[in-house]
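Next come the chains, spelled out residue by residue.
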Amino acid sequence: MANPLHNRTPETTAVRIPAGDVVLSADLAIPPDARAIVAFAHGSGSSRHSTRNRYVAETLNRYRFATLLADLLTEEEEIVDMRTRHLRFDIPMLADRLIDIATWLQREPQTKNLKIGWFGASTGAGAALIAAARRPENIMAVVSRGGRPDLAGDYLPEVMAPVLLIVGENDPEVLKLNKSALTRLNPNGHSRLEIVPNATHLFEEPGTLEAAALLAAQWFQTHSGLPGEEV
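Rules used in this analysis
- Residues numbered from 1 in each chain as written.
- Predicted model: local features only at pLDDT ≥ 70, side-chain atom pairs only at ≥ 80, totals over all residues.
- Heavy atoms only, no water.
- Helix = DSSP H or I, 4+ residues; strand = E, 2+ residues; numbered from the N terminus.
- Buried < 20%, exposed > 50% of the residue type's maximum accessible area, 1.4 Å probe, protein only.
- Core = buried A, V, L, I, M, F, W, Y, C linked by side-chain atoms within 4.5 Å.
- Contact = heavy atoms within 4.5 Å.
- Pairing = 2+ DSSP bridges.
- Right-handed = clockwise from strand over helix to strand, strands pointing away.
- Axes fitted to C-alpha atoms, helices over the stretch in contact; angles between N-to-C directions.
- Parallel < 35°, antiparallel > 145°, perpendicular 65-115°, else oblique.
- Left-handed = near helix turned anticlockwise from the far one by under 90°.
- Nonpolar A, V, L, I, M, F, W, Y, C, P; charged D, E, K, R; others polar.

*Asks:* Can you help me understand unusual backbone geometry in this one?
*Replies:* Only a minority of non-glycine residues have a phi that is not negative, and only a minority of peptide bonds are not trans. Residues other than glycine seldom take positive phi values, yet Arg-64 does so here, at roughly 70 degrees. As for its placement among the helices and strands, Arg-64 is situated in the loop between α1 (51–62) and β4 (65–70). Among the residues examined, Arg-64 registers a relative accessible area of 16% and is labelled buried. Residue Asn-138 is not a glycine yet carries a positive backbone phi of 70 degrees. Topologically, Asn-138 is positioned in the loop between α4 (123–134) and β6 (139–145).

*Asks:* Is there a simple way to explain the nonpolar core in this structure?
*Replies:* Most often, soluble globular proteins keep nonpolar side chains buried together rather than apart. In this structure, Ile-37, Leu-68, Leu-98, Ile-101, Leu-105, Trp-118 and Leu-129 are the most contacted members of the largest nonpolar core, which totals 49 residues. Element by element, the count of residues in this core is highest for helix α3 (residues 91–105), at ten residues. Apart from residues lying up to four places away in sequence, Leu-68 is in contact with Val-15, Ile-17, Ala-26, Asp-27, Leu-28, Ile-37, Val-38, Ala-39, Phe-40, Ile-101, Trp-104 and Leu-105. Formed by 26 residues, the second largest nonpolar core is a distinct cluster that contains Val-38, Ala-141, Val-196 and Phe-220.

*Asks:* Sorry, what's going on with the pairing of β6 here?
*Replies:* Two faces make up the sheet, and in a regular strand the side chains alternate between them. Along β6, seven of the seven residues are buried, which leaves the element largely enclosed by surrounding structure. Where strand β5 (residues 116–121) lies against β6, six bridges are found, and the strand directions are parallel. Paired with Trp-118 across the two strands is Val-142, which belongs to β6. With α4 bridging β5 and its parallel neighbour β6, the resulting β-α-β unit is right-handed. Pairing of β6 with strand β7 (residues 163–168) involves four bridges; the strand directions are parallel. When the sheet's bridge partners are listed, Val-142 is paired in β7 with Val-163.

*Asks:* Explanation requested: the packing of α3 against α4 in the structure shown.
*Replies:* A pair of packed helices can be characterised by two numbers: the angle between their axes and the separation between those axes. Remark: α3 packs on α4, axes separated minimally by 8 Å, with the N-to-C direction vectors making an angle of 55 degrees. Taken together, the axes of α3 and α4 lie oblique to each other. Remark: the crossing between α3 and α4 carries right-handed chirality. Each of Ile-91, Pro-92, Leu-94, Ala-95, Asp-96, Leu-98 and Ile-99 in α3 lies in contact with α4, whose residues at this interface are Thr-123, Gly-126, Ala-127, Ala-128, Ile-130, Ala-131 and Arg-134. Partitioning the contact of α3 with α4 into residue classes produces ten nonpolar, two polar and two charged.

*Asks:* Can you help me understand the sheet that holds β5 in this one?
*Replies:* The strands that make up a sheet pair up through hydrogen bonds in the backbone, lying either parallel or antiparallel. Taken in spatial order, the eight strands line up as β1-β2-β4-β3-β5-β6-β7-β8 in an open sheet, and their pairing is mixed. Each end of this open sheet is capped by a strand with a single partner; those strands are β1 (12–19) and β8 (192–196). The sheet shows a mean angle of 25 degrees between the axes of neighbouring strands, direction not considered. Alignment of β1 against strand β2 (residues 22–29), held across eight bridges, turns out to be antiparallel. The residue bridging Pro-18 from the neighbouring strand is Val-23, located in β2. Against the sheet, α4 contacts β3 (36–41), β5, β6 and β7, and its axis sits at roughly 150 degrees relative to β5. Along the sheet face, helix α5 (residues 172–182) touches β6, β7 and β8 and points at about 165 degrees away from the line of β8.

The structure is reproduced here in structure tokens:
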């Protein structure tokens, strides 16, 4: 039987995370008996308010995963980036901030004992993979949704965590980039590409985002090191 608590959305707490010389805003949700935590790396022009990532986070909460949705840019940086569009594509800088987020999670009393998963969307997937390669300790798995793993470049073979690449069937350019990236990912064979039927890049078609969220939840559940259970 599923624990009824799994069907409740856990309370969300606003937190502030130091990252280099800035402080990032984030939303933290921890369900009872959380098995691990998944931190989100948003794509270009997106933020912790992304409706798609929030939907995925709620799905993960039902699987007893804590979630952290953090803005990777400050409010001031977002204002500048709306005009220049340069920060959202500074993948190494975004990866640095993800590493600082992981450091914060491993220091905070309520999350320090939880393994970490990365969920990256669009350009955020490239940053998440670089972060996983550079700081592999305590990283259980990585999931990319409609992502650009190619932006991780030479870091791809260095990613030791299992990686799931989720791409829409009708997103041909991104699908091609993901197929190429898969050949360069960890040679231990623990990575996979899942193609969601009828989906385009933003997974706006009926049922496609739900399918991607379920694939992500099952991937993290498989690699959390804890037994699965009915949800």
